[in-house]
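Geometric and topological summary
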Amino acid sequence: SLYSLRPSFHKKYVNNNRIIDVECDGPRATLCLDENGVLWSFGINMFGKLGLKRNDKKQEYTNPREISIFKAYKVVDFGITNKCCIACCANGMVYGWGSYSKSSLGKDSQIWYTPQLLTPETDYKSKYKVFAGFRFIILLNITTNKLYVINTEFGFTLLDKSKYGLKVKAETIKFPEKELKIVDVIPSNESAMIIAKK
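None of the values given here were measured: they were computed from a predicted structure. (Residues numbered from 1 in each chain as written. Predicted model: local features only at pLDDT ≥ 70, side-chain atom pairs only at ≥ 80, totals over all residues. Heavy atoms only, no water.)

Its place among the elements puts isoleucine 111 in strand β8 (residues 110–117). Here isoleucine 111 falls in the partly exposed class, since its relative accessible area comes to 31%. For the pair formed by isoleucine 111 and lysine 83, sequence separation is 28 residues and the distance between their alpha carbons is 9.5 Å. When neighbours within four sequence positions are excluded, isoleucine 111 is seen to be in contact with Phe47, Gly48, Gly98, Ser99 and Tyr100. (Helix = DSSP H or I, 4+ residues; strand = E, 2+ residues; numbered from the N terminus. Buried < 20%, exposed > 50% of the residue type's maximum accessible area, 1.4 Å probe, protein only. Contact = heavy atoms within 4.5 Å.)

Our focus in this paragraph is the sheet that holds strand β3 (residues 39–44). Whenever strands of a sheet pair, they do so through backbone hydrogen bonds, lying parallel or antiparallel. Strand order in the open sheet formed by four strands is β1-β2-β3-β4, and the pairing between neighbours is antiparallel. One side of each edge strand has no neighbouring strand; the edge strands of this open sheet are β1 (19–24) and β4 (60–66). Looking at each pair of strands side by side, their axes are set apart by 15° on average, direction ignored. (Pairing = 2+ DSSP bridges. Axes fitted to C-alpha atoms, helices over the stretch in contact; angles between N-to-C directions.)

Our focus in this paragraph is unusual backbone geometry. With a phi close to 60°, phenylalanine 47 is a non-glycine residue in the positive phi region. In this fold, phenylalanine 47 is placed in the loop between β3 and β4. Residue class for phenylalanine 47 comes out partly exposed when judged on its relative accessible area of 26%. Residues other than glycine seldom take positive phi values, yet asparagine 145 does so here, at roughly 60°. Of note, asparagine 145 is situated in the loop between β10 (136–141) and β11 (146–151).

On the surface, a cluster of nonpolar side chains totalling about 330 Å² of accessible area is made up of Val183, Ile186, Met193 and Ile195. If you trace the backbone, isoleucine 186 turns up in strand β15 (residues 181–187). On the basis of relative accessibility, which here comes to 38%, the residue isoleucine 186 falls in the partly exposed class. (Patch = residues over 30% accessible without salt bridge, like charges linked within 9 Å, V, L, I, M, F, W, Y side chains within 5 Å. Areas by Shrake-Rupley, 256 points an atom, 1.4 Å probe, with all protein chains shown as cover. Salt bridge = Lys/Arg side-chain N within 4 Å of Asp/Glu carboxyl O.)

Attention shifts here to the layout of surface pockets. Quantified by volume, the largest pocket comes out at close to 310 Å³. Around the largest pocket, the lining is made up of 13 residues, and of these Asn145, Lys146, Ile173, Lys174 and Phe175 lie nearest the centre. Class assignment of the residues belonging to the lining of the largest pocket gives a composition of five nonpolar, three polar and five charged. (1 Å grid on protein atoms, 1.4 Å probe; cavity = no way out; pocket = protein on both sides within 12 Å on 5 of 7 lines; lining within 4 Å. Points joined across faces, edges and corners; volume = space filled by probe spheres on them. Nonpolar A, V, L, I, M, F, W, Y, C, P; charged D, E, K, R; others polar.)

Moving on to the pairing of strand β7 (residues 94–101). Every regular strand shows the same layout, with side chains that alternate between the two sheet faces. In terms of residue burial, β7 counts as a mostly covered element, since eight of its eight residues are buried. Strand direction decides the pairing type here: strand β6 (residues 84–89) and β7, joined by five bridges, are antiparallel. Bridge pairing links alanine 87 to tyrosine 95 in β7. Of the strand pairs in this sheet, β7 and β8 are connected by five bridges, and their pairing is antiparallel. The partner of glycine 96 across the bridge, within β8, is glutamine 116.

As for its placement among the helices and strands, lysine 83 is situated in the loop between β5 (75–80) and β6. Of the buried charged residues, lysine 83 lacks a salt bridge, with glutamate 153 as the closest side chain of opposite charge at 7.6 Å. Each residue touching lysine 83, except ones within four places of it in the same chain, is listed here: Phe47, Lys49, Gly98, Ser99, Thr152, Glu153, Phe154 and Gly155. (Lys, Arg positive; Asp, Glu negative; His and termini not counted.)

Here it is as C-alpha cells:
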C-alpha cells in the first residue's frame, strides 16, 4: 500500500472510516473496503479496475476515491485480477468492472469503467464469497455450497443468456465426493487450493 493504512490514512482519505480489507493487483491498483461496506480505490486505472468513470486526462489516482455505487449497496467481499474486479453485496448482487468481451480469447475487448451487475436482479437469495487469483476468480455460493471459476485472463466473457446465475462465463468445480462443505479457498497466481470437510 502507498500509505500503510496508518490512522492518518483513515482520517485524511476515507472519511474517518476504518478499513477492514485491502486487495491489490501488485503495484498498479488497490481496492479498500471500509467498515460501512463502501469500496475505495487508488492507483493506476488500467483496464478500468479502479471502478471510476472514464477520464482520458487522468489515469493515476494517488488518493483513494469512493466507488459511488457501493454507497447504496454494502459490499461484503471483493477481488481484483490482472484485467478486472468483482464485488459481492450483502443483498446477493454481484458486480464486475474492468475488461470484458464476448469472446473467451478477448477479441474486441472493451472496458466497463464503472461496476456492472453480473447477477440477475431478481436473485437475492444467493450469498457469495470471492477468491481472486491473478487470472481467475472463484466464487463460492455460500447458499448452495457450490464453487464457480471465472477465467479472467482476458477479462470477463459476456454471455447472451445467464448461466449459474451469472451474466459472465463461469464453470462449476465438481468434487469426487458429494456432501463436502467448502471451508476455504487459497488462490495463487495460476491455481487454487480448496479446503473442504465432510
